[in-house]
Amino acid sequence: MSQTLPRSSRPAAAERPTPRSPLRRHRSMLSRAVAHASSAVTGVARAADDVVGGAARALATPSGLVGAAVEAAWLTTHLAFYPWGLLVRHGSESQHGYRVEHLPPVQRGLVISDVEAAGTPILLVHGMVDNHSIFTLLRLGLRRRGFGRVTTMNYSPFTADVRVAAARLAEEVESLVAETGYERIHVVGHSMGGLIARYYVTRLGGDERVHTLVTLGTPHQGTYTAYGWNNQLTKQLRPGSGLMRELDQPVPDCGTRFVAYWSDLDQMIFPQRFAALEHPDLAARNVDLHGVGHMSLPIIGSVVHGISTTLAHLDSAGHTVTPGVTELARRRT
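Just so it is clear, the structure is predicted and the values come from calculations on it, not from any experiment.

Some remarks on the packing of helix α6 (residues 162–180) against helix α7 (residues 192–203)
Next up, step 1: At a minimum axis distance of 8 Å, the contact between α6 and α7 shows a crossing angle of 75°. By the criterion of interaxial angle, the relationship of α6 to α7 is roughly perpendicular. Between α6, through Val162, Arg163, Ala165, Ala166, Leu169, Ala170 and Val173, and α7, the contact on the second element is made entirely by Met192, Leu195, Ile196, Ala197, Tyr199 and Tyr200.
Next up, step 2: Partitioning the contact of α6 with α7 into residue classes produces twelve nonpolar, no polar and one charged.

Structure representation (structure tokens):
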């Protein structure tokens, strides 16, 4: 008897996988590369429009033109004060004693109404390649408004790391606390000085020492101007840098209150809105200004008044004690 052996099974032609030709793969990769490049170019174009357009619109207004003139005048004055700022250090001496009749009315009013607020030390921290002379007018303005302990610190113009400068700030704060007897102080930081202070507060435990941190034109989200220089420090100031990602990390139970001033005419922070502080764990209030240049932020009357009002009317928990003053409430996520 004959037996028919089964034929070997083979996949039908329709079921056989069709090999992808090298040319087809190349076209697919090229298409993805073109799409990615197009998206990048579009993003850069939008960023450029955001950067240039915002400042151009601000400059095109009458107040913007006045702000540019003030910026130029103050920059010239500051350059004249700059050498003096390298040599002289302001101390934290207090003008307050047991007698108040010799004080001007504004100073006397703050001392009488809240002697603790009037005596709480205020430490001013300058920006990159600068010194405490940038705070000449702000310091005088705060003293005239009744704050008796307004001091400044200088850090090296050759500082190459925000973290190192923050550690230096920690030493300065501890020294000020030991000198004055106040366990908590206020800090005002201009430009990179505000970023140094923020790192100290949020990453080095400085919230135990800093009651309120006020920043003026600080690149909280980085700045594209940092691409103009290529060194260790400017790399930290670029958007999305390792430092920026570290500052974006959670900061649970931070006890410091933040106020961030930023201006649409800031020529150093691009885009200007990157000077606003946005973090879900921080109790921050952003104050946007119009027509104020980067170097002019510490001298504008509205800024000096705003800082004075904020520091004069906050209790130990950060809430206002005077009606009509905006409360620095914790933002809800």
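A closer look at the packing of aromatic side chains
Next up, step 1: Applying the stated criterion to the full structure yields two aromatic pairs.
Next up, step 2: Centre to centre, the rings of Tyr224 and Tyr227 are 6.1 Å apart; their planes meet at 20°, and the pair counts as stacked.
Next up, step 3: Plain terms: the ring middles of Tyr224 and Phe274 are 6.3 Å apart, the flat faces sit at 35° to each other, and that makes the pair tilted. Residue Tyr224 is located in the loop between β4 (210–216) and α8 (232–236), and its partner Phe274 is located in the loop between β5 (257–263) and β6 (283–289); the two are separated by 50 residues in the primary sequence.
Next up, step 4: Among the residues examined, Tyr224 registers a relative accessible area of 38% and is labelled partly exposed.
Next up, step 5: Members of the aromatic cluster, connected to one another through ring pairs, are Tyr224, Tyr227 and Phe274.

Description of helix α10 (residues 301–312)
Next up, step 1: Taking 1.5 Å of rise per residue, twelve residues should cover 16 Å, and α10 covers 16 Å from first to last C-alpha, within 8% of that figure.
Next up, step 2: Those residues of α10 that sit buried are Val303, Val304, Gly306, Ile307, Ser308, Thr310, Leu311 and Ala312.

Some details on the pairing of strand β1 (residues 122–125)
Next up, step 1: Residues Ile122 and Leu124 of β1 are buried on one face, and the alternating residues Leu123 and Val125, pointing to the opposite face, are buried as well.
Next up, step 2: The pairing of β1 with strand β2 (residues 150–153) spans four bridges and is classified as parallel. Across the sheet, the residue bridging to Leu123 is Thr151, located in β2.
Next up, step 3: Regarding the hand of the β-α-β motif, the stretch spanning β1, helix α5 (residues 136–144) and β2 is right-handed.
Next up, step 4: The sheet contact formed by β1 and strand β3 (residues 185–190) spans four bridges and is parallel. Note that in β3 the partner of Leu124 across the bridge is Val188.

Quick look at the sheet that holds β4
Next up, step 1: Spatial ordering of the open sheet is given by β2-β1-β3-β4-β5-β6, a layout of six strands whose pairing is parallel. Two strands lie at the open edges of the sheet, namely β2 and β6, each paired on one side alone. Averaged over neighbouring strand pairs, the angle between their axes works out to 20° when direction is ignored.
Next up, step 2: Sheet analysis places β4 next to β5, joined by five bridges and oriented parallel. Residue pairing for β5: Thr212 is matched across the bridge by Arg257.
Next up, step 3: Where α7 meets the sheet, its contacts fall on β1, β3, β4 and β5, and the angle it forms with β4 comes to roughly 150°.
Next up, step 4: Docked against the sheet, α10 engages β1, β3, β4, β5 and β6, running at close to 170° with respect to β4.

With respect to the pairing of β4
Next up, step 1: For β4, the buried fraction is high: seven of the seven residues fall into the buried class.
Next up, step 2: Looking at chain direction, β3 and β4 are connected through six bridges and run parallel. Within β4, the residue paired with Gly189 across the bridge is Thr215.
Next up, step 3: Between the parallel pair β3 and β4, the chain is carried across by α7, and the sense of this crossover is right-handed.

Structural notes on α7
Next up, step 1: In this model, α7 (twelve residues) spans 16 Å end to end at C-alpha, consistent with the 16 Å of a helix rising 1.5 Å per residue.
Next up, step 2: The buried fraction of α7 amounts to eleven of the twelve residues, a majority that puts the element mostly inside the structure.
Next up, step 3: Restricting attention to buried positions, one finds in α7 the residues Met192, Gly193, Gly194, Leu195, Ile196, Ala197, Arg198, Tyr199, Tyr200, Val201 and Thr202.
Next up, step 4: A positive backbone phi angle near 75° is found at Gly205, which sits one or two residues after α7.

A few points about the nonpolar core
Next up, step 1: In terms of nonpolar packing, the biggest core is built from 36 residues, with Leu123, Val162, Leu169, Val187, Ile196, Tyr200 and Phe258 touching the most fellow members.
Next up, step 2: Within the residue set of this core, elements represented by two or more residues are β1, α6, β3, α7, β4, α9 (242–247) and β5.
Next up, step 3: Among the elements that take part in this core, α6 stands out by supplying eight residues, more than any other.
Next up, step 4: Ignoring sequence-local partners within four residues, the contact set of Val162 consists of Met192, Leu195, Ile196, Tyr199, Leu233, Gln236, Leu237 and Leu243.
Next up, step 5: Within the second largest apolar cluster, 25 residues are counted, among which are Leu124, Val150, Tyr261 and Met295.

Focus on the pattern of salt bridges
When the charged atoms of two side chains lie near each other, side chains of opposite charge can form a pair.
Next up, step 1: Going through the model one piece at a time under the given rule, you end up with four salt bridges.
Next up, step 2: A salt bridge links Arg163 to Asp161, with the nearest nitrogen and oxygen atoms 3.8 Å apart.
Next up, step 3: Assessed through its relative accessible area of 28%, Arg163 is described here as partly exposed.
Next up, step 4: On the basis of relative accessible area, Asp161 is assigned to the buried category, the value being 14%.
Next up, step 5: With a closest N to O distance of 3.1 Å, Glu172 and Arg168 form a salt bridge. Taken together, the residues span about one helical turn, with Glu172 and Arg168 both in helix α6 at a distance of four residues.
Next up, step 6: Residues participating in the shared-partner salt-bridge network are Asp161, Arg163 and Glu246.

Cut-offs used in this document
Residues numbered from 1 in each chain as written. Predicted model: local features only at pLDDT ≥ 70, side-chain atom pairs only at ≥ 80, totals over all residues. Heavy atoms only, no water. Axes fitted to C-alpha atoms, helices over the stretch in contact; angles between N-to-C directions. Helix = DSSP H or I, 4+ residues; strand = E, 2+ residues; numbered from the N terminus. Parallel < 35°, antiparallel > 145°, perpendicular 65-115°, else oblique. Contact = heavy atoms within 4.5 Å. Nonpolar A, V, L, I, M, F, W, Y, C, P; charged D, E, K, R; others polar. Phe/Tyr/Trp six-rings, centres within 6.5 Å; stacked < 30°, edge-to-face > 60°. Buried < 20%, exposed > 50% of the residue type's maximum accessible area, 1.4 Å probe, protein only. Expected span 1.5 Å × (residues − 1). Pairing = 2+ DSSP bridges. Right-handed = clockwise from strand over helix to strand, strands pointing away. Core = buried A, V, L, I, M, F, W, Y, C linked by side-chain atoms within 4.5 Å. Salt bridge = Lys/Arg side-chain N within 4 Å of Asp/Glu carboxyl O.

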